[in-house]
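Below are the chains, spelled out letter by letter.
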Amino acid sequence: MAETLRVVGRPVPRLDGLEKVTGRARYTVDLVVPGMAHGAILRSPLPRARLRGIDTSRAERLPGVVAVLTAADLGDIDPYYGQVIRDRPVIAIDEVRYAGEPVAAVAALDPATAREALDRIEVDYEALPPVLDLDAALAAGAPRVHTRRPAGAPPEAEGNICFHARVARGDPEAALAGAAHVFEHTFTFPMVYHYAMEPHAVVAAAEGPAVTVWTSAQHPFLVRADLARMFGRALEQVRVVVPYVGGGFGSKSYTKIEPLAVALARKAGRPVRVALSVAEACLTTRRHAARVVLRTGVDRDGRLVARVATIWLDTGAYADNGPRVTTKAARRVLGGYRCPHVRSDAYAVYTNTVPAGSFRAIGAPQTIWACEVQMDLIAQALGLDPVELRARNLGRRGEALFDHERPLDADLEAGLRRVAAAIGWDRPAAPRTGRGLAVGITDAGAEPVASAIVRLHADGSASVHESSTELGQGVRTVLAQIAAEALALPVERVGVVASDTAGTPYDRSTGASRSTTVMGLAVEAACQEVRAQLADAAAAALGTGTGSLVFEAGRIRAPDGREVTYGEAVRAFFAGPGGELVGRGYVRGGGRWTPPPLFWEVGWGAAEVAVDEETGQVRVARYASLADVGLAVNPPLAEGQDEGAAVMGLGHTLFEALRYEAGQLQNGTLVDYRVPLAEDLPALATGLVEDRNGPGAHGAKGMGEGAINPVAPAVTTALARACGVVVTELPLTPERVWRALRRRRAEQAIPAG
Amino acid sequence: MDAAAPAARPVVEISLTVNGRPHTLTVEPRETLLDVLRVRLGLTGAKLSCDVQVCGACTVLVDGLPVSACTYLAYEARGRQVLTIEGLADGDRLHPLQQAFIDHAAFQCGYCTPGMILAAKALLDEIPRPTADEVKHYLRGNICRCTGYKKILEAVAAAAEALAARHG
C-alpha cells in the first residue's frame, strides 16, 4: 500500500503566488545596484567578416560614457567559453561569425547615452563569404566558420562539422536489404526562438578580486565556473545570484551574456546592467534547425527490423550546447521502439547564423517528429492502424531497449491507447477533419549532482537552501512540499532560499526535467538529517529514547503522551533562547543512477485538426496530452507544465520559424515572429499517469518537457488524415499546406499510366 | 575614464495620478510611460518584453483602458488616472482576479502576470460575464509563454463569477 502523504501530492498554493500577482516579484531586470551604469552592445551587421579595426574614440568622448569594451580589453583573461567546446568569445575577436554577434559594448550613465555611443563606434569590416545553411556549410570547399580548432573540439570535427554522435547496434544495412518493406523519408524542422518573456539580463560588478553577477541564468553554478576560469578567480570569489527568472525554456541555460557584462563592468570600474531586448535575445540563442533522414525496414507484420537515421543539426556560429543536443538527438530519434539493427548518426554543423543551444527537450521535437510521422506512413502503407503498428513495436515496461540503458519505466502502449480514447480515435471524423497521435520518450535528467541545506529554526519553522532556479516551473513550491512532508511540518512553516552561489549550495543545473527528482532527493536527505538531530534533541528533552517518538505537525510526542514542539527541542538542545539545527543532503552521480538515464520522460499526444482546403489554414480543435510523472508533487503545477509544453509545441508545429535571408534574421521581433495566443488554445485535456515509478521522493519523476514532443507529429498526421497530404517540413503554415494540397490535386488530375 | 554628465535633453513637466496618488514629474518628451513607472516611480510590476506593443507584459490601465506602456508616451498620460498592478489590491485584500490567479495556478514565471491581470480587469469592467471566446479574443494582446493559457482562462472565468457575486 502506498504511504499516506500529507503535503506531497496536494494542490498547495505556490510560494511565489502573492509576489507574482501583486507585481512585487523581483526579476533581474528590476534590480537597481547603487552606482550601476547601463550597458549597450554593438552588433555585427554582417554574417561573416574580418575585423580590421575598431575606433571607439568618438564614443569614449561622449559625455556620460563610462567605458567602451572591445576585444582589445581581453588580453589578460581567457576570453573563450562553451560547455563542451570553448569556441565562443566574450566579444568578437578578429572575426565575426554571425550577423548580430557583439563586436563592442558601451557602459554609460544612462541607457540613452549608451545607445547613442554605439553610433559613434567605427568598425572596419572586411566581408567574407558566409555559410548560411546546412547545404552551404557541408558543400565541398565551403568556407569554415571556425578556422582555428577550439578547445574541447572532438577529433572527428572537421570542415564545419562541430560534433558527431552515433548510436549503433547490429548490421542495419544487411537488415534493410532483407526487410519486407523499406521506407525512406526526409523531414525538416525550423529554427525556433524560445521567447522567454524576460530577455537575458545581467547586472555585473567586478571591483577588486570579487566578481558578483545578478543574472537571469538557469544554471548559476555553471556560470560561476565559467566566470572563475575566464577571469582567473577562485570559485569562492565569484558570486552568482539568480532572482526570479521570466521564463527559460533552455534559452538561459549555460553561460550567455554574463562574461560580456563582467568584462564591461571590470573596465567601467563600477556595476553595469546589461538587459537585452527581445530583438537581441533572438540574436543570442535559438533551437537547432534540423534535417532528419530516416530509412526504416519492417517485416510483413510491420515490426521494425532496421533503422538508419541521419540527423543534421544547424548549430549556428558557436557550439553552445550543440554537442549535447546532438548526442540526445541521435538517441531520441529512435523513440521507444524495439529495433534490432540500428545506426543513428547526428551531426552538429556550424553555420554563420545565431548560435543554437538548449531548448525544452533538447534534440527531441525535431527527431520525434520525424520518427512518429514515419511510423504513421509505415502504418498507412501496410494498411495498419497507427495505434496497432506502434503497439507491435513499443518496448514494454521493464525492458531495456539498449543494453547500456535503464529499462523503460512506463507502459508506453497503455498511454497511447489512453490518449487515443481521449480524442475519440475510433469514432468517424467529420469531413476535412482528422486525428493523429504520437508518443515520444526522452532520456531525461542531466547530471544528478545537487546539494541542499535545511535549517530548522528555534521557532520550529524551517528554511530550505538550494540552488534550483525558479523559472516558473514551481520548483520552490515543490521543494517546500517535499521538505514539509519529510519534516512533518505544515508547508506554511517552510521557506525556500534559492539561487545565490555565495549562500545556497551547489546544484549542477536547472533543466532536463531534473529538479523535482534530483534536488527533491537532496532536500529530502537534508530533512532526514535534521529529523535525526531533532529526534536526539527531543529524546533528551523528554528523557526518553528516540525510537518511539512520533513527529506530527511540528510536535514530537513520546509514547507516554508528553510532547515538545520542534522549537522547544531546538532551544533545549542549545540550552539557550536561539540556535538552529542544520541538515545537509547530497545527491551524487554513479551508484543508483547507472545505467542512464535517470528516468524516462514520456509524452503522449493526440490531436484533432480541421483544415480549410481553400486557404491551407490548419486549426487544432482538440488536443489530448498525457505525461508519465511518477507522482505529481503538486498536481495543478504539473498540469500547468504539461499544458504549457503542449501549447509551445503548437507554436513550432503551426507557425514558429526564424527566417534568414542573405545572412540576416528577417523576423527577429514579436511583430513578425508569431507565438501561440490565447485564441490558439484548442480544447486541451491533460492527463497525468501517477504510478510512483520514478526515482525521486515518493516515486516522483521529472516532467515538463515531454508534452512538447508529440504535438508536431500528432498534428501532422491528423492533417494527413484530414486531407490526404503529408507535409514533411514544419511549420504547417497555410501556404505550405495549401501548396501541398495543390500538388495533390494536380497529381490526382493526371490520369495514371 | 571619468564620465562627464550626459548632455542635458529637453524636458517637459507633467502631472498624472498613479494608483490614486498624484505625481508631478519632469520628463523627456520621448520617455515612455513604462520607463516613468518603472524607473522614476519604482513600480516595476509592469514589465518590458517585446517592446513593440504585441506581448502585453507592460499593460497598465489609463483611465480604465488597457495600454501598452512600452509604446505609450508618458506625456500622453498627463492629467490621467493610471492603474498599475501595485494599485490593484485593496490594502492586503487581493482583487478577485489576483486571488483567482493564485487559486487556479494561472501563472508560472509571472512575467506576463501583472499585464495579464490588468487586461483581464479591463475586460471584466467592460463585459462582466464574458464567454470563453470573448476572453480569448480580448486577451490576444497578452502573451503568456509558460502556461498555455488554459489556467488563465479558468482564473478569469472564476474571477468574473466572484465579482458578480460581490456585486450581487
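Counting from 1, residues in each chain are numbered in the order their sequence is written. Written order decides the labels, with chains lettered from A and ligands numbered from 1. Where totals are concerned, whole chains, interfaces and linings use all residues; where local detail is concerned, this predicted model gives features only for residues with pLDDT of at least 70, and gives and counts side-chain atom pairs only at 80 or more.

Caption draft 1: Here's a closer look at the sheet that holds strand β4 (residues 65-68) of chain B. Residue and element names in this part refer to chain B. Pairing is mixed in the open sheet, where five strands are placed in the order β2-β1-β5-β3-β4. Only two strands of the sheet have a single partner each, and these edge strands are β2 (21-27) and β4. Strand-to-strand twist in this sheet, taken as the mean axis angle between neighbours without regard to direction, amounts to 40°. Seen against the sheet, helix α3 (residues 113-126) touches β3 (59-62), β4 and β5 (81-83) and runs at an angle of roughly 35° to β3. What makes two strands pair is DSSP finding at least two bridges between them. Each helix is a run of H or I in the DSSP string that is no shorter than four residues. Each strand is a run of E no shorter than two, and both are numbered from the N terminus. Each axis is a line fitted through C-alpha atoms, taken for helices only over the stretch in contact, and angles between the N-to-C directions span 0 to 180 degrees. In this description, any two residues whose backbone-derived C-beta atoms lie within 7 Å of each other are considered to be in contact.

Caption draft 2: Representation of the domain arrangement of chain A in the model. Residue and element names in this part refer to chain A. Segmentation of the chain into domains, including their bounds, is taken from an automatic or database domain assignment. Split into domains, chain A comes out as domain 1 (17-24 + 447-593), domain 2 (31-128 + 194-281) and domain 3 (402-444 + 598-753). The C-alpha-based centres of domain 1 and domain 3 are spaced at 39 Å. Tallying the contact residues gives 16 residues for domain 1 and 18 residues for domain 3. Secondary structure elements with two or more residues in the side of domain 1 that touches domain 3: α13 (475-487) and α14 (515-542). Here the side of domain 1 that touches domain 3 gets five residues from one element, more than from any other, and that element is α14. In terms of residue class, the side of domain 1 that touches domain 3 is built from six nonpolar, eight polar and two charged. Classification convention: Asp, Glu, Lys, Arg as charged; Ala, Val, Leu, Ile, Met, Phe, Trp, Tyr, Cys, Pro as nonpolar; all other residues, Gly among them, as polar.

Caption draft 3: Inspection of helix α5 (residues 150-166) of chain B at higher detail. The length a helix should cover is 1.5 Å for every residue beyond the first. Taking 1.5 Å as the rise per residue, α5 of chain B with 17 residues should run 24 Å; its terminal C-alpha atoms sit 25 Å apart, in good agreement. Three or more residues of α5 of chain B are buried, namely Lys150, Lys151, Ile152, Leu153, Ala155, Val156, Ala159 and Ala160 of chain B. Those residues of α5 of chain B that are buried are in contact with α16 (635-654) and β30 (683-689) of chain A together with α2 (96-103), α3 and α4 (132-138) of chain B. As a rule, residues whose C-beta atom has 12 or fewer other C-beta atoms within 10 Å are exposed, those with 20 or more are buried, and those in between are partly exposed; C-beta atoms are placed from the backbone.

Caption draft 4: Inspection of the interface of chain A and chain B at higher detail. Taken together, the contact between chain A and chain B spans 49 residues of the former and 46 residues of the latter. Looking at the side of chain A that touches chain B, the elements that each hand over two or more residues are α1 (17-22), β3 (65-69) and α16 of chain A. Residue contributions to the side of chain A that touches chain B peak at seven residues, all from α16 of chain A. Within the side of chain A that touches chain B, the residues separate by chemical class into 26 nonpolar, 14 polar and nine charged.

Caption draft 5: Structural detail: the packing of helix α9 (residues 322-332) of chain A against helix α10 (residues 364-382) of chain A. Residues and elements named next belong to chain A. Between α9 and α10, whose axes approach to 9 Å, the crossing angle comes to 20°. Classed by the angle they form, the pair α9 and α10 counts as roughly parallel. Taken as a pair, α9 and α10 cross one another with a handedness that is right-handed. Where α9 approaches α10, its residues Lys328, Ala329 and Arg332 are matched on the opposing element by Ala364, Gln366, Thr367 and Ile368. Considered class by class, the residues forming the contact of α9 with α10 number three nonpolar, two polar and two charged. In this scheme, roughly parallel covers angles under 35 degrees and roughly antiparallel covers those over 145, while 65 to 115 is roughly perpendicular and the rest are oblique. The handedness criterion is simple: a crossing whose near helix is rotated anticlockwise from the far helix by less than a right angle is left-handed, and one whose near helix is rotated clockwise is right-handed.

Caption draft 6: Inspection of the domain arrangement of chain B at higher detail. Residues and elements named next belong to chain B. Domain annotation of chain B identifies domain 1 (12-87) and domain 2 (96-166). Summarising the inter-unit geometry, the C-alpha centres of domain 1 and domain 2 are found 21 Å apart. Facing 16 residues of domain 1, the contacting portion of domain 2 comprises 14 residues. Counting only elements with at least two residues in the side of domain 1 that touches domain 2, the list comes to β3 and β4. At three residues, β3 tops the list of elements feeding residues into the side of domain 1 that touches domain 2. Per-class residue counts for the side of domain 1 that touches domain 2 are ten nonpolar, five polar and one charged.

Caption draft 7: The environment of proline 22 of chain B, seen in detail. Residues and elements named next belong to chain B. Along the polypeptide, proline 22 turns up in strand β2. Measuring from C-alpha to C-alpha, the distance between proline 22 and cysteine 109 comes to 32 Å, with 87 residues separating the pair along the chain. Those residues in contact with proline 22 that sit more than four places away from it in its chain are Ser15 and Thr17.

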